[in-house]
Structures are given as structure tokens and as C-alpha cells.
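# Fold and geometry: a report
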Amino acid sequence: MDLDYFKVKIIADILWYISGFLAWYLSYKYYFKKHLVSIPFRNLEEKLFYYLWILAWAMFFAWFVSTLDWYLLKWFPDGIVLSKTVAWAIAGWVISSEIIKKIYNHDFNRGVLFVPSLTIWIIVGRVGAFLIWLRDNTHGLETTLPWWYDYGDGILRHPSQIYEIIVLLTILIIFIIWIKYKKDWWITNWFFIFTLLYFTYRFLVWFVMPYSHFWFGMNTIQVVSVGMIIYSVYKLMKYNYGK
């Protein structure tokens, strides 16, 4: 690993965690707390266990499951390399959240609390991935489209990190504008709208990224994306139509 790559990677990861925490803190302090949006915990012990449980499973899926996935599918030609994938992190978060709600017999839906921070978190991560160029393996395939980008090797590729930044900024702007209207509806539904839009994008963008497709013409992230899309539609139907 060269020194410049290492420096950019470390700085990007530090900014990644700091920006996510700041976005969560500021959005909660200046909006959600003001509008009395919170998770209805019964006591402090339940609150601490919930957050530790969610964090542990999100990190486990982001790092361990992602690394194992990439290794088993032989996406590391030089052997196993520690990897993290936000799609796996969100999937782990959702699965663990549904489990703990069953444990505590809760039916609350407050994923909206984390949408601003999650969006900023991913955007900062994609900026870091773009600055690392080809080393992060998040670039697109070769293209002749007029918005190609040369990552330094003379090949014109899809700037897939830029695609994701644009999609997430659009989602965030829509959220900021529309949460003023029908506030209760957006607080209930926005997390599922976010996961629906984001994982639809993730499903589509992997067709223009340089990875093999093993499962019915899809790779593992696309399979996860399909699962998250189905989950999101189910939840939107449940909370809006009682189905």
C-alpha cells in the first residue's frame, strides 16, 4: 500500500465516522427533538442495549460479512483483504432492528432519525472512494457516454461514485423540503422510502461496475438490494394500508 493511498484512506475513514455522528447529532438536536421524534424506550437499559445491538450487527455485516462475501466470490485476486460495504451494513441494521423489536414487543418505526446521518455518511464515503480512484474498486465499467471519467489509467469509465453522490444529495434535498409537509406521514415512512430509492439505485449501478454476476445474473449486493426493496415495499404497504 503506497503512502498517498494510505493517507487518503485514513483521512476519508476518519471524516466518514465524524460526519455521520455530527449529522445525526445536529439533525436530532435541531429538528427531531424539537418535533418530539424519538424512540419510545421503556428505560435506560433498553435504550443502551438497543443502540449497542444495532451498532454491533451493522458493523459485523459491514466488515465481516462484506469481507467474507468478497473473498468467497474471489473479488480479491491477491488474497483476503478487509473490506466494508454500506449495503451490508444497512441490511445488518435492518435485520437486527426487526429482531430486537420482536424481543421487546415493540412496533415503533423511527428509522427516520438516522436518514440524514446515513445519507451524509455514505456521501463522505463516496467522496473518499472517488479520491482514491481505482484502488477502492468502486469505479464503473468503460463507457462512451459523454460524462465519462478518466481515473488516471487512460480508460474512460462510469464515475459510479459521482452517480451515488448525486442520488443521495437528491434524496436528502427531497427529505429536507418535503418533511415540512405531512410531517407525521414522512416521519413514519421516510426510512423505507430512503431504503427503497437507495437500494434500487444500488441494484442498477452494479450492472455498470466491474464485478461478476453469479446469482441469476446478479451479484451478492444486487441480491441484497432486491431483498431490501421487497422489505421497503412491504413496510410502506403495512404502515399505509395495513397490509
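Residues numbered from 1 in each chain as written. Predicted model: local features only at pLDDT ≥ 70, side-chain atom pairs only at ≥ 80, totals over all residues. Heavy atoms only, no water.

## Details of the overall build of the protein chain
Rules: Strands are runs of DSSP state E lasting at least 2 residues, helices are runs of H or I lasting at least 4, and numbering of each runs from the N terminus. When accessible area is computed with a 1.4 Å probe and restricted to protein chains, residues below 20% of their type maximum are described as buried, those above 50% as exposed, and intermediate ones as partly exposed. Per-residue and other accessible areas were derived by the Shrake-Rupley procedure at a 1.4 Å probe size, with only the shown protein chains allowed to occlude residues.
The number of helices and strands found in the protein chain is seven helices and two strands. The secondary structure elements of the protein chain, listed N-terminal to C-terminal, are α-α-α-α-β-β-α-α-α. The 243 residues of the protein chain split such that 45% are buried. Here the protein chain has roughly 13600 Å² of accessible surface; of this, 71% comes from carbon and sulfur atoms.

## Side note on the packing of aromatic side chains
The test is simple: Whether two aromatic rings pair depends on their centres lying within 6.5 Å, for rings of Phe, Tyr and Trp, where Trp uses its six-membered ring; planes under 30 degrees apart make the pair stacked, over 60 edge-to-face, and the rest tilted.
Counted under the stated rule, the structure contains 23 aromatic pairs. With 5.9 Å between their ring centres and 55° between their planes, Trp53 and Trp57 make a pair best called tilted. One end of the pair is Trp53 and the other is Trp57, both in helix 2 (residues 44-72) and four residues apart, which spans about a single turn. The class of Trp57 is partly exposed, set by a relative accessible area of 33%. Ring centres of Tyr149 and Tyr151 lie 5.0 Å apart, and the angle between their planes is 80°; on these two criteria the pair is classed as edge-to-face.

## Considering the layout of surface pockets
To be explicit about the condition: With a 1 Å grid spanning the protein atoms alone, the term cavity applies to any set of points in which a 1.4 Å probe fits but cannot get out, the term pocket to an open set with protein on both sides within 12 Å along at least five of seven lines, and the term lining residue to any residue with an atom within 4 Å of a point. Grid points are joined across faces, edges and corners, and a volume is the space filled by probe spheres set on the points. Side-chain classes follow a simple rule in which Ala, Val, Leu, Ile, Met, Phe, Trp, Tyr, Cys and Pro form the nonpolar group, Asp, Glu, Lys and Arg form the charged group, and the remainder, Gly included, forms the polar group.
Taken as a whole, the second largest pocket holds about 690 Å³ of empty space. If you trace the second largest pocket, you find 19 residues lining it, with Ile54, Leu55, Trp93, Phe114 and Ser117 closest to the centre. Taken together, the elements giving at least two residues each to the lining of the second largest pocket come down to helix 1 (3-32), helix 2, helix 3 (86-103) and helix 4 (115-132). Counting residues per element, the lining of the second largest pocket draws most heavily on helix 2, at seven residues. Along the lines of polarity and charge, the residues of the lining of the second largest pocket split into 17 nonpolar, two polar and no charged.

## Describing the confidence of the model for the protein chain
Going by this rule: Each residue carries a pLDDT score, the predictor's own confidence in it, on a scale running from 0 to 100.
On average, residues of the protein chain score 80 in pLDDT, and 83% of them reach the 70 mark or higher. Summarising per-element confidence for the protein chain, the mean pLDDT is lowest in helix 1 (75) and highest in helix 7 (residues 220-241) (91).

## With respect to the environment of Trp185
The test is simple: In this description, contact between two residues means that some pair of their heavy atoms is separated by no more than 4.5 Å. Each polar contact in these results corresponds to two N or O atoms within 3.5 Å; when the atoms are within protein, one needs to be able to donate a hydrogen and the other to accept it, and residues that are neighboring in sequence are counted only if both atoms are side-chain atoms.
Its place among the elements puts Trp185 in helix 6 (residues 183-205). Classification of Trp185 as partly exposed rests on a relative accessible area of 31%. Dropping the residues within four chain positions of it, Trp185 is found in contact with Ile193 and Asn240. Within the structure, the side chain of Trp185 is placed 2.7 Å from the side chain of Asn240, a separation counted as a polar contact.

## A word on the packing of helix 4 against helix 5 (residues 160-178)
For the record, the criterion: Simply put, an axis is a line fit to the C-alpha atoms, just over the touching stretch for a helix, and the angle between two N-to-C directions goes from 0 to 180 degrees. Roughly parallel means an angle under 35 degrees; roughly antiparallel, over 145; roughly perpendicular, 65 to 115; everything else is oblique. In this scheme, a crossing is called left-handed if the near helix is turned counterclockwise away from the far one by less than a right angle; it is called right-handed if the turn is clockwise.
Relative orientation of the contacting elements helix 4 and helix 5 amounts to 160°, with a least axis distance of 9 Å. Judged on the interaxial angle alone, helix 5 and helix 4 are roughly antiparallel. Viewed along their axes, helix 4 and helix 5 form a crossing whose handedness is left-handed. Touching Pro116, Thr119, Ile120, Ile122, Ile123, Arg126, Val127, Ala129 and Phe130 of helix 4 are Gln161, Ile162, Glu164, Ile165, Leu168, Leu169, Leu172 and Phe175, all from helix 5. Among the residues making up the contact of helix 4 with helix 5, the classes are represented as 13 nonpolar, two polar and two charged.

## Description of helix 3
Selection rule: A helix is expected to reach a length of 1.5 Å times the quantity of its residues less one.
Taking 1.5 Å per residue, 18 residues should reach 26 Å; helix 3 reaches 25 Å between its end C-alpha atoms and fits that length. Just beyond helix 3, the residue with positive phi is Asn105, at close to 55°.

## Some remarks on the pattern of salt bridges
Here is the rule we go by: The salt bridge criterion pairs a side-chain nitrogen of Lys or Arg with a carboxyl oxygen of Asp or Glu, the two atoms within 4 Å.
Within this structure, the stated rule accounts for five salt bridges. Note that Glu98 is salt-bridged to Lys101, the shortest N-O span being 3.4 Å. Highlighted residues: Glu98 and Lys101, both in helix 3, separated by three residues, approximately one helical turn. Residue classification places Lys101 among the buried residues on the basis of a relative accessible area of 8%. A salt bridge links Glu164 to Arg202, with the nearest nitrogen and oxygen atoms 3.9 Å apart. Placement of the pair is Glu164 in helix 5 and Arg202 in helix 6, with a sequence separation of 38 residues. Within the structure, one salt-bridge network assembled from shared partners comprises Glu98, Lys101 and Lys235.

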